[in-house]
Amino acid sequence: MASTDLVHAHAAPQGFIRKYIFSLDHKVIGLQYYFLALIAVFTGMFLSLLMRIHLIWPTAQLPLVGEIKPETYLGLLTMHGTIMVFFVLTTAPQSGFGNYFLPIQIGAPDMAFPVLNMLSFWTTFVAFVVLISAFFVGGGAPLHGWTGYAPLSALPNAGPGQQLGADLWITSIAIFCVASLMGALNFITTTLDLRAKGMTLMRMPLTVWAWFITAILGLLAFGVLLSAGILLLLDRNLGTSFYVPLVVVNGQVMGHRGGSPLLWQHLFWFFGHPEVYIAILPGMGVASQLISTFSRKPIFGYRAMVYALMAIGFMGFMVWGHHMFMSGMSPYSAFAFSLMTMAIGVPSAIKTFNWLGTIWGGKVRLYSPMLFAIGFVSLFVSGGLSGPFLAQPVLDIPLHDTYFVVGHFHLIMGVAAIFGIFAATYYWFPKMFGRKMNETLAKVHFFVTLLGTYAIFMPMHYLGMAGQTRRYSQFTEVAYQTKLIPLQTFMTYAAFVTIAVQLVFLFNLFWSMKKGEKASDNPWEATTLEWTTATPPPHDNFGGRTPVVNHGPYEYSVPGAARDYTMQTDPATAPVD
Amino acid sequence: MADVAVEQHGVAAAYEPSLFGTYSKKIGMWLFLLSDSLTFGALLYAYSYGRISTPNWPTPFHSESIRNATLMTAFLLTSSLTMVLAVRASVFGKGKAVRGWLLATMACGTAFVILHGHEWSNLIAEGLTLPVFPAVPGHEASKEFANVSRTVPQFPATFFGLTGMHMLHVTLGVIYLGIVALRKKFIPILLGLWLVAWLATPSYSPFHYGAHVLLLAAIAASVIVFLKPKVYDSSDVEVAGLYWHFVDLVWMFIFPLVYLMSTRIL
Ligand code: HEM
Ligand SMILES: [Cu+2]
């Protein structure tokens, strides 16, 4: 049951600060997360642009940064990865859209813990500021990549950027963990406790299921990363040796002994693999929602979709070793991890087939949200196909730490999740701002981005198989790699185009807020609860009432019904299921 | 039993019954404890990893340490009992008794922390240290502990890491209970405790700087009391109790793993 103290919650706040800055309203907080992620994604993209330029023209003089030195390159790489994984892929789909729409879609007036919700946003914000500040301290940004492998990350004198920069990086991650834990706890409690009458578990939209399961993953994974980060800080600042064996740096014997870099890898990947699902599951939820809505058909296999989400979440905790096949693990463990990893392909494939089955024979409306949802499926499949290759130790050993892996995870996690964010943006924009985004610009954005990302990331698979190693700042001097220069150049040009078209998106976003075509309360003729309320939704979401739910989330084209969609709150028809 | 006391009327009808048949705050706390157990789980994993991969793991603790740790355990177990009594009193709405039992719980928790701090200081003086801890002036380190710190740095690292994290949890628990029991009035007390802990410890002691945790906690507590100025009810006592028992439970892992399995007798 809900606690009273929530429902009469807070009166609509007055004054700019309580309304827009320290707001307790989940909708404002969702938008805050969204705009934070927007700033982060453009920062991260700019860094990747610098990296691509450096790879092709290693001695170019660039504005702002001058000539990029190898250590600068590694700093860019670390910050790019960290910003993208944590502050974009974890922040926008889950904390951003989840915050805004999870309570509305289950018929709740707000999150279960509004104050905690506000704190979790501001904690995330602090984490972002701390991370960015690593650029501006002596030595610059750390070199250890988003995975922060020890001993490089544990030794302050291992290179420039490993001094204060690395401490800031770890601190930022630790703060982010705390923020994510607060968020996850809130999402789970809200879903368990605040569902409107009739919103049974099996009537929840798949977006809600995805946010819910993502929150469970976050709850279990971030606590481990927090511990791992604390131990890393101890190694760096108190001289302990959790992760550091006896090592020599620049001819100097370090004071550490007895630790194991593998401990970091275990702890990191125990978090890291679930984290990749934290990034993708909300996108899966959005894709399911949109594909059903725009195909005017019930989702194919609703229950199978729910169980597949659960299976992915559950198995996601048992496969972390597939990132460590190179670590000299026992072949028996490698075999177990490999088997388990390939088994995850099964629920993933179930989801894919169900998406296709939903589109099959539907009256498909190819609006921009639907295009991006289809793009999501396309990228998920393309990236997913390389997974079972990497899951086998024999194949992974030559492919590990090459561009093959970079291609794999950019397609499946990076760009697929970003497509999920775009789909959600185009879909929910009319509800959030009362106007539609410009459809022509959206289509230009879609086609260029889809082709552009394939042009950037597909060739990476060939590069990897040709032996191009990952995280190297220069290859133009290496004999066997010079043959690959034309391909690399092509990828850089593709990156220019793809990044440029994101400005079209940015323009469309802000222009449409002011000038877009006015939208009705339910412009897509969709069924879930957010479309039953005013636009934008009032402070308590449903204007003083609590909706009563009579239908499942995807009742499209029901035979005999007056319209081709039945809203979840429509009166129950004779035989109720 | 305690659930009945916080049954809230009127609202429930508009919602589906909660999946676990209880109120949000309690579910929230259970979820926090779930994630916190993974946080501790990771530390225990790191400990086991270090211990298994180190040949000849030292077992330097003497009966003196064990006696002290047993006493600490007794305080913690007693505090669980007083916590149960506080929850029980709150169910029957006996405000005074609740406050009394909460204060008793806090007293036991504080005793635990002080004994533990004393134990740390002794061990550090004996030579079981981390590289950054300054030497204790005017004290001869024992050969054995100094040797352990030099040859198996994992030993002091895991010892201080695990017990330190637990000590932090107990400290925060005492502050949590203090806010539930005394609300605003607890903040000046907390500031007093900070000053005492800071000024009464010598500058070479890790607690000299560690004391500032209390200052940070006092600031955070002020923010919380400012944001949530309400009167705390029995559900708050029950939820705080969950946290307290969890911290106890964690000690029941740490005590045998870190202390008992590293004593001379074994
Ligand atoms: C059928 C499903 C999948 C399989 C079998 C699979 C397998 C693998 C394997 C074995 C690796 C390790 C490669 C190496 O480092 O040598 C890997 C890396 C990675 N995968 Fe997947 N994967 C799958 C799906 C996913 C999904 C859904 C995501 C994200 C949403 C993802 C994101 C990543 C990332 C980020 C990395 C690289 C991490 C790094 O080293 O920086 N994978 N994958
Ligand atoms: Cu993985």
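Residues numbered from 1 in each chain as written. Chains lettered and ligands numbered in written order. Predicted model: local features only at pLDDT ≥ 70, side-chain atom pairs only at ≥ 80, totals over all residues. Heavy atoms only, no water.

Caption draft 1: Representation of the overall build of chain B. Each helix and strand counted, chain B has 10 helices and 0 strands in total. When the helices and strands of chain B are placed in sequence order, the string is α-α-α-α-α-α-α-α-α-α. In terms of overall dimensions, chain B has C-alpha extents of about 70 × 40 × 25 Å along its principal axes. Evaluated residue by residue, chain B yields a buried proportion of 51% over its 266 residues. Nonlocal contacts in chain B, meaning residues at least 24 apart in sequence, comprise 77% of its contacts between residues at least 6 apart. Accessible surface, chain B: about 12300 Å² in total, of which carbon and sulfur atoms supply 72%. Across chain B, the centroid of the 16 positively charged side chains sits 7 Å from that of the 13 negatively charged ones. (Helix = DSSP H or I, 4+ residues; strand = E, 2+ residues; numbered from the N terminus. Buried < 20%, exposed > 50% of the residue type's maximum accessible area, 1.4 Å probe, protein only. Contact = heavy atoms within 4.5 Å. Areas by Shrake-Rupley, 256 points an atom, 1.4 Å probe, with all protein chains shown as cover. Lys, Arg positive; Asp, Glu negative; His and termini not counted. Charge placed at Lys NZ, Arg CZ, Asp CG, Glu CD.)

Caption draft 2: Focus on the overall build of chain A. The secondary structure content of chain A amounts to 17 helices and 4 strands. The C-alpha radius of gyration of chain A comes to 24 Å, within 12% of the 25 Å expected for a compact globule of 577 residues. Reported as C-alpha extents along the three principal axes, the dimensions of chain A are approximately 80 × 50 × 50 Å. A burial count over chain A gives 63% of its 577 residues as buried. Look at the contacts in chain A between residues 6 or more apart in sequence, and 79% of them connect residues 24 or more apart. Accessible area of chain A: about 20400 Å², with a carbon and sulfur share of 72%. Seen as two clouds, the 28 positive and the 22 negative side-chain charges of chain A have centres 5 Å apart. (Rg over C-alpha atoms; globule rule 2.2 N^0.38 Å.)

Caption draft 3: Geometry of the coordination of the copper ion (ligand 2). Residues and elements named next belong to chain A. Bound to the copper ion (ligand 2) on the protein side are His-273 (ND1), His-322 (NE2) and His-323 (NE2), at distances that span 1.9 to 2.0 Å. Read from N- to C-terminus, the donor residues coordinating the copper ion (ligand 2) fall into the pattern H-x48-H-H. Between the two metals, the copper ion (ligand 2) and the iron atom of ligand 1, the spacing is 4.6 Å. (Donors = N, O, S within 2.8 Å, 3.2 Å for Na, K, Ca; no water.)

Caption draft 4: Looking closely at the coordination of the iron atom of ligand 1. In this structure the iron atom of ligand 1 is ligated by exactly one protein donor, A:His408 (NE2), at 2.2 Å. With respect to the helices, strands and loops of the structure, A:His408 is situated in helix α14 (residues 403-433).

Caption draft 5: Highlighting unusual backbone geometry. All names here are of chain A. Cis rather than trans, the peptide bond between Ala-150 and Pro-151 has omega equal to 5 degrees. In this structure, Pro-151 sits in the loop between α6 (114-133) and α7 (164-193). A cis amide bond links Thr-535 with the next residue in sequence, Pro-536, at an omega value of -15 degrees. Despite not being glycine, Asp-401 shows a phi value in the positive range, around 60 degrees.

Caption draft 6: Quick peek at the site of ligand 1. Residue and element names in this part refer to chain A. Neighbouring ligand 1 are 22 residues; Leu-390, Asp-396, His-400, His-408 and Arg-470 lie closest to it. Within the side chain of Trp-146, one N or O atom sits 3.0 Å away from an oxygen atom of ligand 1. One of the side-chain N or O atoms of Arg-470 is found 2.7 Å from an oxygen atom in ligand 1. Where the shell around ligand 1 is concerned, the elements lending two or more residues are α9 (261-295), α11 (331-359), α12 (368-390) and α14. The biggest single contributor to the shell around ligand 1 is α14, with 5 residues. Looking at the shell around ligand 1 residue by residue, the classes come out as 13 nonpolar, 7 polar and 2 charged. (Near = heavy atom within 4 Å. Polar contact = N/O pair within 3.5 Å; in protein donor to acceptor, adjacent residues only side chain to side chain. Nonpolar A, V, L, I, M, F, W, Y, C, P; charged D, E, K, R; others polar.)

Caption draft 7: Layout of the packing of helix α6 (residues 154-182) of chain B against helix α10 (residues 234-259) of chain B. All names here are of chain B. Their axes nearest at 10 Å, the elements α6 and α10 cross at an angle of 160 degrees. The orientation of α6 with respect to α10, classified from their angle, is roughly antiparallel. With respect to the hand of their crossing, α6 and α10 are arranged in left-handed fashion. Residues Phe-159, Leu-162, Thr-163, His-166, His-169, Val-170, Leu-172, Gly-173, Val-174, Tyr-176, Leu-177 and Val-180 of α6 form the contact with α10, whose participating residues are Asp-236, Val-237, Val-239, Ala-240, Tyr-243, Trp-244, Val-247, Val-250, Trp-251, Ile-254, Val-258 and Tyr-259. A class-by-class count of the residues in the contact of α6 with α10 yields 19 nonpolar, 4 polar and 1 charged. (Axes fitted to C-alpha atoms, helices over the stretch in contact; angles between N-to-C directions. Parallel < 35°, antiparallel > 145°, perpendicular 65-115°, else oblique. Left-handed = near helix turned anticlockwise from the far one by under 90°.)

Caption draft 8: Examining the interface of chain B and chain A more closely. Tallying the contact residues gives 42 residues for chain B and 50 residues for chain A. Carbon and sulfur atoms make up 68% of the surface buried where chain B meets chain A, a total of about 4100 Å² over both sides. The largest per-residue losses of area from chain B upon contact with chain A belong to B:Tyr15, B:Glu16 and B:Ser24, which jointly make up 18% of the total buried on that side. At the junction of chain B with chain A, the criterion picks out 0 salt bridges. The tally of links between chain B and chain A comes to 10 residue pairs in polar contact (both at pLDDT 80 or more). (Buried area = accessible area lost by both parts, 1.4 Å probe. Salt bridge = Lys/Arg side-chain N within 4 Å of Asp/Glu carboxyl O.)

Caption draft 9: Fine view of the packing of aromatic side chains. Across all of its chains, the model carries 72 aromatic pairs over all chains by this definition. On the numbers, 6.3 Å between centres and 35 degrees between planes, the contact of A:Phe121 with A:Phe125 is tilted. In this pair, A:Phe121 and A:Phe125 are both assigned in helix α6, 4 residues apart and thus about one turn of the helix distant. Given the relative accessible area of 4%, A:Phe121 is considered buried. What makes A:Phe125 partly exposed here is its relative accessible area of 33%. On the numbers, 5.2 Å between centres and 75 degrees between planes, the contact of B:Phe159 with B:Phe160 is edge-to-face. Look at B:Phe159 and you get buried, because its relative accessible area is 2%. Above the plane of the ring of A:Trp524 lies A:Lys436, whose end atom (NZ or CZ) is 4.8 Å from the centre. In this structure, A:Arg563 is placed above the aromatic ring of A:Tyr565, and the distance from its NZ or CZ to the ring centre is 4.4 Å. (Phe/Tyr/Trp six-rings, centres within 6.5 Å; stacked < 30°, edge-to-face > 60°. Lys NZ or Arg CZ within 6 Å of the ring centre and 35° of its normal.)

Caption draft 10: Summary view of the packing of α14(A) against helix α17 (residues 485-515) of chain A. Residue and element names in this part refer to chain A. At a minimum axis separation of 11 Å, α14 and α17 run at an interaxial angle of 10 degrees. It follows from the interaxial angle that α14 and α17 lie roughly parallel. Contacts from Phe-422, Thr-425, Tyr-426, Phe-429 and Phe-433 of α14 reach α17 at Gln-502, Phe-505, Asn-508, Leu-509, Ser-512 and Met-513.

Caption draft 11: Structural view of the nonpolar core. Residues and elements named next belong to chain A. Phe-86, Tyr-243 and Trp-428 are the most contacted members of the largest nonpolar core, which has 271 residues in total. By residue number, the principal contributor to this core is helix α8 (residues 206-237), which donates 20 residues. Those residues within four positions of Tyr-243 in sequence are excluded, and the remaining contacts are Ala-150, Ala-228, Leu-231, Leu-232, Asp-235, Gly-259, Ser-260, Pro-261, Leu-263, Trp-264 and Leu-267. (Core = buried A, V, L, I, M, F, W, Y, C linked by side-chain atoms within 4.5 Å.)

Caption draft 12: Spotlight on the side chain of A:Thr190. Within the secondary structure, A:Thr190 is located in helix α7. With sequence-adjacent residues up to four places away left out, A:Thr190 is seen in contact with A:Leu102, A:Ile106, A:Asp110, A:Met111, A:Ala112 and A:Arg195.

Caption draft 13: Just α14(A), in detail. All names here are of chain A. Its maximal kink placed at His-410, α14 deviates by approximately 45 degrees. For α14, the buried fraction is high: 29 of the 31 residues fall into the buried class. Two residues or fewer past α14, Gly-434 is found with a positive phi of approximately 75 degrees. (Bend = angle between axes of the 7 residues up to and from the residue.)

Caption draft 14: Region of interest: the pattern of salt bridges. Residues and elements named next belong to chain A. Tallied over the entire structure, the rule returns 12 salt bridges over all chains. In this structure, Arg-470 and Asp-401 form a salt bridge, with 4.0 Å as the shortest nitrogen-oxygen distance. Taken together, the residues Arg-470 in the loop between α15 (439-465) and α16 (479-482) and Asp-401 in the loop between α13 (393-399) and α14 connect sequence positions 69 residues apart. We classify Arg-470 as buried; its relative accessible area is 15%. Looking at Asp-401, the relative accessible area reads 35%, which means it is partly exposed. Residues participating in the shared-partner salt-bridge network are Arg-296, Arg-365, Glu-525 and Asp-564.

Caption draft 15: Geometry of the confidence of the model for chain B. Residue and element names in this part refer to chain B. This prediction gives chain B a mean pLDDT of 88; 94% of its residues lie at or above 70. Mean pLDDT values for the elements of chain B range from 33 in helix α1 (residues 2-5) up to 95 in helix α2 (residues 24-53). Across residues 1-10 the pLDDT falls below 50, and counting only partners more than four positions away or on other chains, this stretch makes 18 contacts in the model. Predicted as a complex, the structure gets a pTM of 0.93 and an ipTM equal to 0.92. (pLDDT = per-residue confidence, 0-100.)

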